[in-house]
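Residues per chain are reported as follows:
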Amino acid sequence: MSRPKRIAVVGGGYAGMAAAVRLVQAGCTVQVFEAGPALGGRARRVNVPEGELDNGQHLLLGAYGTLLGLMREVGVDPAQVFLDAPLDLQVDPDFRLHCPDLPAPLHSLVGLLRAQGLSVSGKLALVRALLQAQLARWRTRPDWTVRDWLQARAQPADLIERFWRPLTVAALNTPPEIASAQVLLNVLRDSLGGPAFASHMLFPRVDFSALWPEPAGRYVERHGGKIQCGSMVRRIEPIAAGYQIDAAPDDAFDGVVLAVSPHRLQSVTANLPALADTAARLQQWPYQPIVTVYSQYDAVCQLSAPMLGRSTGVCQWIFDRNYTHATPGLIAVVISANGAHMQWSQAELAAQVATELGAAYGWPAPRWQRVISEKRATFACTPDLQRPPNATPYNTVWLAGDYTAGDYPATLEGAVRSGVAAAVGLMIELNKEQQA
């Protein structure tokens, strides 16, 4: 009887942990190397002087079936860790799209026709565009930007600013002028175009490390794996027995799943020359930032919903964490994609956010603020972007991450789908080698 295959998973974010879970389920001995102090990658818990926060806000959808399924497999009940709400997009000053809890497709049709803040012609233009997309099986020209697609669908300017722009930036972290229309349609296909639950908004009630990566880590350890946080991998070396990881120089691994950020791939794979072209291309990709500004107000300061959008100013999406984390007065403002704000200091940005929130809601100055910036949070999701496959020229080295080839933009669902695909592909290759 052959020994279990030893696999190194480099990166303990959502993609890496999805790969690790699938690999231990297949009987592999897995060792996860995570550079940071907590699992989660770009969706993780961070410790600041004021307490524990997330490094950003992520809104999940009911359409995220792979992630929700994996959560259940490792013992997490989505009903316990999410605030589940039918789609309700409110963008101040006066736009609202609320999909009632009706069977599909009535939920989206009724929601669109009842949308507030739009003229009758605007509502009809929105419904027409989505019906045309559905009739086209949610396909469009791969070289079109969202702006190209909206112009071809004769979408009014006010509809673009109140609905399409906030939606595109939230979903793709890329402005509609350069964002891929096809990727946006993929998201709409699986949410508004899917079953009613697919469009539900899922607000995490726990931090993003506790939401899934840490339960996944405990699952891996229960199945004989090992999790090493604070363990930076700088080099992977091919050896006769497989691969050697500099963070565990005395061990040999039969295969490797590389679940690092795309801009880190070049340094990690310096000794894997067949990956040089892919790594260099990823290094040159344009990336988009996400900035989160946390502000602690008095407990009486609260939003009318867990999340509100704004169509003017710097603030884009505002989250009231009292709804989800029982922290009265703690507000998180998310600012996605590049903009003039990236040239400001953190103090300037925090002051502008406080000014806008005060003007919009009549709130006094916050007690404290904390700015968390991910300068390369996601790749710029541009048209016809050539994203690398999970497979590499090395049969037993596979890539995992939200940047790999797939239908979705850089989302948690895209990350876990990639991790699962990498694990399955690696196991197929290892089985081939064993049978040869």
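What comes next is a walk through the structure. Note that the coordinates shown come from a computational prediction; the quantities given were computed from them, not determined experimentally.

**Brief notes about the environment of A171**
Step number 1: If you trace the backbone, A171 turns up in helix α7 (residues 157–172).
Step number 2: Judged by relative accessible area, which is 18%, A171 ranks as buried.
Step number 3: Measuring from C-alpha to C-alpha, the distance between A171 and Q302 comes to 25 Å, with 131 residues separating the pair along the chain.
Step number 4: When near neighbours in sequence (up to four residues on either side) are disregarded, A171 contacts L184, P409 and T411.

**Quick look at the pattern of salt bridges**
Step number 1: Evaluation of the coordinates by the stated rule reveals 19 salt bridges.
Step number 2: For R42, the salt bridge goes to D402, with nearest N and O atoms at 3.3 Å. Of this pair, R42 sits in the loop between β2 (29–34) and β3 (45–48) while D402 sits in the loop between β20 (397–399) and α15 (412–435), and the two are 360 residues apart along the sequence.
Step number 3: Using a relative accessible area of 25% as the deciding quantity, one classes R42 as partly exposed.
Step number 4: For D143, the salt bridge is made with R141, and the minimal N-O distance between the two is 2.9 Å.
Step number 5: On the basis of relative accessibility, which here comes to 45%, the residue R141 falls in the partly exposed class.
Step number 6: Overlapping salt bridges bring together R45, D207 and E214 as one network.

**Re the packing of aromatic side chains**
Step number 1: Counted by the stated rule, this structure contains nine aromatic pairs.
Step number 2: On the numbers, 5.9 Å between centres and 40 degrees between planes, the contact of Y14 with W212 is tilted. Residue Y14 is located in helix α1 (residues 14–25), and its partner W212 is located in the loop between α9 (208–211) and α10 (213–222); the two are separated by 198 residues in the primary sequence. You'll find Y14 and W212 in the same group, each marked buried.
Step number 3: Here a set of aromatic residues connected by ring pairs shows up, and it is made of F95, W149, F163 and W164.
Step number 4: The ring of Y408 has R417 sitting right over it, with the charged end atom 4.4 Å from the ring centre.

**Topic: the packing of helix α2 (residues 65–73) against α15**
For any two helices packed against each other, the geometry is given by the interaxial angle and the distance between the axes.
Step number 1: Orientation of α2 relative to α15, taken along the N-to-C sense of each, is 70 degrees, at an axis distance of 8 Å. One way to sum up the angle between α2 and α15 is to call them roughly perpendicular. Crossing hand, α2 versus α15: left-handed. Counted together, G65, T66, L67 and L70 of α2 and L412, E413, V416, R417 and V420 of α15 form the full contact between these two elements.

**Side note on the nonpolar core**
Step number 1: Judged by nonpolar contacts, the single largest core of 76 residues is most densely connected at W164, I236 and L258.
Step number 2: Ignoring sequence-local partners within four residues, the contact set of I236 consists of V10, Y243, Q244, I245, V256, L258, V268, N271 and L272.
Step number 3: In terms of nonpolar packing, the next biggest core, distinct from the first, is built from 51 residues, V24, L39, L60 and L67 among them.

**Comments concerning the packing of α7 against helix α8 (residues 181–190)**
Step number 1: At a minimum axis separation of 11 Å, α7 and α8 run at an interaxial angle of 90 degrees. Between α7 and α8, the angle is such that the two are roughly perpendicular. Counting all contacts with α7, which are made through W164, L167, T168, A171 and L172, the residues of α8 involved are V183, L184 and L188.
Step number 2: Among the residues making up the contact of α7 with α8, the classes are represented as seven nonpolar, one polar and no charged.

**What about the environment of E374?**
Step number 1: Note that E374 resides in strand β19 (residues 368–379).
Step number 2: Excluding residues that lie within four positions of it along the chain, E374 makes contacts with R42, R44, N55, Q288, P289 and I290.
Step number 3: Within polar-contact distance, the side chain of E374 engages the side chain of R44 at 3.3 Å.

**Considering the sheet that holds strand β7 (residues 88–92)**
Step number 1: Reading across from one edge, β8-β7-β16-β17-β18-β15-β19 is the order of the seven strands in this open sheet, with mixed pairing throughout. On the outer flanks of this sheet lie β8 (95–98) and β19, each paired with one strand and no other. Adjacent strand axes in the sheet meet at a mean angle of 20 degrees when their direction is disregarded.
Step number 2: The pairing of strand β16 (residues 307–310) with strand β17 (residues 317–320) spans three bridges and is antiparallel.

**Considering the sheet that holds strand β13 (residues 248–253)**
Step number 1: In space, the three strands of this open sheet follow the order β11-β12-β13, with antiparallel pairing throughout. A single partner strand is all that each edge strand has here, and the edge strands are β11 (236–239) and β13. The sheet shows a mean angle of 30 degrees between the axes of neighbouring strands, taken without regard to direction.
Step number 2: Judged from the two bridges that link them, strand β12 (residues 242–245) and β13 form a sheet pairing that is antiparallel. Residue Y243 lies in a different strand from β13, and its bridge partner there is F253.

Rules behind the numbers
- Residues numbered from 1 in each chain as written.
- Predicted model: local features only at pLDDT ≥ 70, side-chain atom pairs only at ≥ 80, totals over all residues.
- Heavy atoms only, no water.
- Helix = DSSP H or I, 4+ residues; strand = E, 2+ residues; numbered from the N terminus.
- Buried < 20%, exposed > 50% of the residue type's maximum accessible area, 1.4 Å probe, protein only.
- Contact = heavy atoms within 4.5 Å.
- Salt bridge = Lys/Arg side-chain N within 4 Å of Asp/Glu carboxyl O.
- Phe/Tyr/Trp six-rings, centres within 6.5 Å; stacked < 30°, edge-to-face > 60°.
- Lys NZ or Arg CZ within 6 Å of the ring centre and 35° of its normal.
- Axes fitted to C-alpha atoms, helices over the stretch in contact; angles between N-to-C directions.
- Parallel < 35°, antiparallel > 145°, perpendicular 65-115°, else oblique.
- Left-handed = near helix turned anticlockwise from the far one by under 90°.
- Core = buried A, V, L, I, M, F, W, Y, C linked by side-chain atoms within 4.5 Å.
- Nonpolar A, V, L, I, M, F, W, Y, C, P; charged D, E, K, R; others polar.
- Polar contact = N/O pair within 3.5 Å; in protein donor to acceptor, adjacent residues only side chain to side chain.
- Pairing = 2+ DSSP bridges.

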